[in-house]
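# Descriptive analysis of the structure
What follows is each chain in one-letter form.
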Amino acid sequence: MERKEIFYCNLTLQNGKDKLYLKNVVYKETDGYFKNTRLGIKEPLKVLKVEVIKSLGFENLSNEYDEVKKSDEKRNNITGAYE
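## So, the overall build of the chain
Helix and strand counts for the chain stand at 0 helices and 4 strands. Compactness check: the chain gives a C-alpha radius of gyration of 22 Å against a globular reference of 12 Å for 83 residues, more than 25% above the reference. Along the three orthogonal principal directions, the C-alpha set of the chain runs to about 70 × 35 × 25 Å. Per-residue burial for the chain yields a buried fraction of 18% across its 83 residues. With the model as given, the accessible surface of the chain reaches about 7500 Å², and the carbon-plus-sulfur share is 46%. Put simply, the chain has 16 plus and 14 minus side-chain charges, and the middle of one group is 8 Å from the middle of the other.

Okay, here's the thing in structure tokens:
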């Protein structure tokens, strides 16, 4: 499975014959379409142009969880520092 890159960018989208320009959105490279229900975009719109402002990294593919062990150290009641 390939990791997909996540960008903070400006997007130019095509909605039928209309073009939409979204500024300052987070976009993950997928199949060339953008969908965001918070912005009222219910159906995927074709991405025409991506103007990258900053690369935020790659998606996490790990399905594992880290185990956390309880600390045996006691804290001071007044300062909260470990004794």
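Okay, back to it.
## Some thoughts on the side chain of Thr 12
With respect to the helices and strands, Thr 12 occurs in strand S1 (residues 5–15). Its relative accessible area of 15% is what places Thr 12 among the buried residues. Those residues in contact with Thr 12, other than ones at most four positions away along the chain, are Leu 20, Tyr 21, Lys 46, Val 47, Leu 48 and Lys 49.

Conventions adopted
Residues numbered from 1 in each chain as written. Predicted model: local features only at pLDDT ≥ 70, side-chain atom pairs only at ≥ 80, totals over all residues. Heavy atoms only, no water. Helix = DSSP H or I, 4+ residues; strand = E, 2+ residues; numbered from the N terminus. Rg over C-alpha atoms; globule rule 2.2 N^0.38 Å. Buried < 20%, exposed > 50% of the residue type's maximum accessible area, 1.4 Å probe, protein only. Areas by Shrake-Rupley, 256 points an atom, 1.4 Å probe, with all protein chains shown as cover. Lys, Arg positive; Asp, Glu negative; His and termini not counted. Charge placed at Lys NZ, Arg CZ, Asp CG, Glu CD. Contact = heavy atoms within 4.5 Å.

Everything listed here is a matter of coordinates, which is why it stays silent on function.
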